[in-house]
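One-letter residues, chain by chain:
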Amino acid sequence: MTEISRRSLLRGAAIAAPFVLIRPSWAAELRPVTFTLPWLAEGSNAVAFVAKAKGYWSKRGLDVQISRGYGSTAAAQAIGAGSFQFGLAAASAGIQEAAKGLPVTALLSAGYDATMGICVLKDSPIHAPKDLEGRKMASTVNSGDYPFLPVFAERAGFDLGKVERVQADPNVRQRLLVSKQVDAISGFAITFVPTFEAQHLETRHLLYSSYGLTLYNNSLMTQVATLEKEPQLCADMAAGLGEAITFMMMNPDESVKIFLEQVPEIALSADGAERIRLGIGIFIISMLQKPAQEHGIGYAAPEDYQSMTELVMKYVAEQTDKTPAQSALFTNDFAGKIKLTETEWAKAMENAKPYRQYLA
């Protein structure tokens, strides 16, 4: 495994308080950097906490202050508007906001399947997307999956107009499914599986990716101006995150421990450790894809971005939106610095094996 090399507005959201409030004595010597998650601290975004705890950012002179997010779309808006310098958000959310003129760009891919889809309880009569017709489904409007429900319906062959749709807060959305007030919920399996399985509630998932929709998971994002003016800062942020991704793929159990030390309130929950374990396991699965294997950790396949852009412009964009240039949406300048050996890739595959059942 090669080491990472170091290289050289419009709309926003309120800045939430960072998770880590107490800094070590030497932190004053480091450069503060603001960073938003796409949602609450969980296994799907544990990579940020691993990067911080393992010193992958601090050894590059950075004190990264991690804040919770409020959905991928809101996170992309906040980054593009300058409320945060960097953050994680679904790649499609970045494209969506760029089409509206927000200057946000991706530096590193942190997963190649967002696991967007429909979640139902195991005993549900819904076994295929067509079975959603005549049923009630809850969704969260600012979640990254929401804009793609129409194209999923088109690809999967069902009439979305025949589905009774309910808008709900994310936490309420999940409770509605458990209490069977709705028959299904839309969102991300990487979030749903840990929550439900840790409570011994078995679910099934109808994934968008099973119907030909290429939609990446989170990407490390920043403003275009930051990329242009401070390429070294961008290189350092990407390098630290790339190291953390690799560490998690190789060491999932230790990654769980690190996360719980960084976010101790989750460790206080009876099912907290299990939720994080499951989330990290599914995160590893999302990384085990062709772009990372052939080109290195974090590499974004241009053809995938072209496909995602076409999906956004056809099914999500408003009439006033403009197709952004591919060069403005992402860069691979800081990606692919770590490439797993065949032995390391096989180890990551073995680490992911226990979690594949949840997405089958």
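Above this note sits the structure.
Let me begin by describing the structure that accompanies this report. Everything numeric in this text was worked out from a predicted model, so none of it was measured. (Residues numbered from 1 in each chain as written. Predicted model: local features only at pLDDT ≥ 70, side-chain atom pairs only at ≥ 80, totals over all residues. Heavy atoms only, no water.)

A word on the layout of surface pockets. Of the volumes computed, that of the largest pocket is approximately 340 Å³. Every residue lining the largest pocket is counted, 20 residues in all, and those nearest its centre are Leu40, Ala41, Glu42, Thr195 and Arg275. Examining the composition of the lining of the largest pocket, we find that four residues originate from one element, helix H6 (residues 189–198), more than from any other. For the lining of the largest pocket, the per-class residue count stands at ten nonpolar, seven polar and three charged. (1 Å grid on protein atoms, 1.4 Å probe; cavity = no way out; pocket = protein on both sides within 12 Å on 5 of 7 lines; lining within 4 Å. Points joined across faces, edges and corners; volume = space filled by probe spheres on them. Helix = DSSP H or I, 4+ residues; strand = E, 2+ residues; numbered from the N terminus. Nonpolar A, V, L, I, M, F, W, Y, C, P; charged D, E, K, R; others polar.)

With that settled, consider the sheet that holds strand S5 (residues 116–121). Strand pairing in a sheet relies on backbone hydrogen bonds. The paired strands run either parallel or antiparallel. Taking strand neighbours across the sheet as the criterion, the five strands line up as S7-S6-S8-S5-S9 in an open arrangement whose pairing is mixed. In this open sheet, the two edge strands, each paired with only one partner strand, are strand S7 (164–167) and strand S9 (203–207). On average, each strand axis in the sheet is tilted by 30° relative to the strand beside it, whichever way the strands run. As paired strands, S5 and S9 are joined by five bridges and run antiparallel to one another. Along S9, the bridge assignment pairs Ile118 with Leu206. Across the sheet, helix H5 (residues 170–178) is in contact with S5, strand S6 (136–139) and strand S8 (184–188); its angle to S8 comes to roughly 140°. (Pairing = 2+ DSSP bridges. Axes fitted to C-alpha atoms, helices over the stretch in contact; angles between N-to-C directions. Contact = heavy atoms within 4.5 Å.)

Strand order across the open sheet formed by five strands is S2-S1-S3-S10-S4, with mixed pairing between neighbours. Either end of the sheet is taken by a strand with one partner, and the two such strands are strand S2 (62–67) and strand S4 (104–110). Sheet twist, expressed as the average angle between the axes of neighbouring strands with direction ignored, equals 30°. Bridge analysis of strand S1 (residues 31–36) against strand S3 (residues 86–90) gives two bridges, and the strand direction is parallel. By the bridge assignment, Phe35 is partnered in S3 with Phe86.

This part covers the pairing of S2. Counting buried positions along S2 gives six out of six residues, so the element sits mostly inside the fold. The two faces of S2 match: Leu62, Val64 and Ile66 on one face and Asp63, Gln65 and Ser67 on the other face are all buried. For S1 and S2, the ladder comprises six bridges, and the chain directions are parallel. Residue pairing for S2: Val33 is matched across the bridge by Val64. Between S1 and its parallel partner S2, the chain crosses via helix H1 (residues 46–53), and the hand of that crossover is right-handed. (Buried < 20%, exposed > 50% of the residue type's maximum accessible area, 1.4 Å probe, protein only. Right-handed = clockwise from strand over helix to strand, strands pointing away.)

Moving on: the packing of helix H8 (residues 231–250) against helix H11 (residues 272–287). Geometrically, a packed helix pair is captured by the angle between its two axes and the distance between the axes. Their axes nearest at 10 Å, the elements H8 and H11 cross at an angle of 110°. For the element pair H8 / H11, the angle class is roughly perpendicular. Here H8 runs over H11; the crossing is left-handed. Facing Ile245, Met248 and Met249 of H8, the residues of H11 in contact are Ile280, Phe283, Ile284 and Met287. Looking at the contact of H8 with H11, its residues break down into seven nonpolar, no polar and no charged. (Parallel < 35°, antiparallel > 145°, perpendicular 65-115°, else oblique. Left-handed = near helix turned anticlockwise from the far one by under 90°.)

Residues Glu344, Trp345, Ala348, Asn351 and Ala352 constitute the buried set of helix H15 (residues 342–352). Mapping the buried residues of H15 onto a view down its axis gives an arc of 120°, with all of them on the same face. Facing away from the buried side of H15, by more than 90 degrees, are the exposed residues Glu342, Thr343 and Glu350. For H15, the elements touching its buried residues are H8, helix H9 (252–262), H11 and helix H12 (290–295). (Arc of directions from axis to C-beta.)

What follows is about the nonpolar core. Ranked by internal contacts, the top residues of the largest apolar core, which has 104 residues, are Phe35, Met237 and Tyr305. If we ignore the near neighbours within four places in the chain, the residues touching Met237 are Val33, Phe35, Trp57, Leu62, Val64, Phe86 and Leu220. (Core = buried A, V, L, I, M, F, W, Y, C linked by side-chain atoms within 4.5 Å.)

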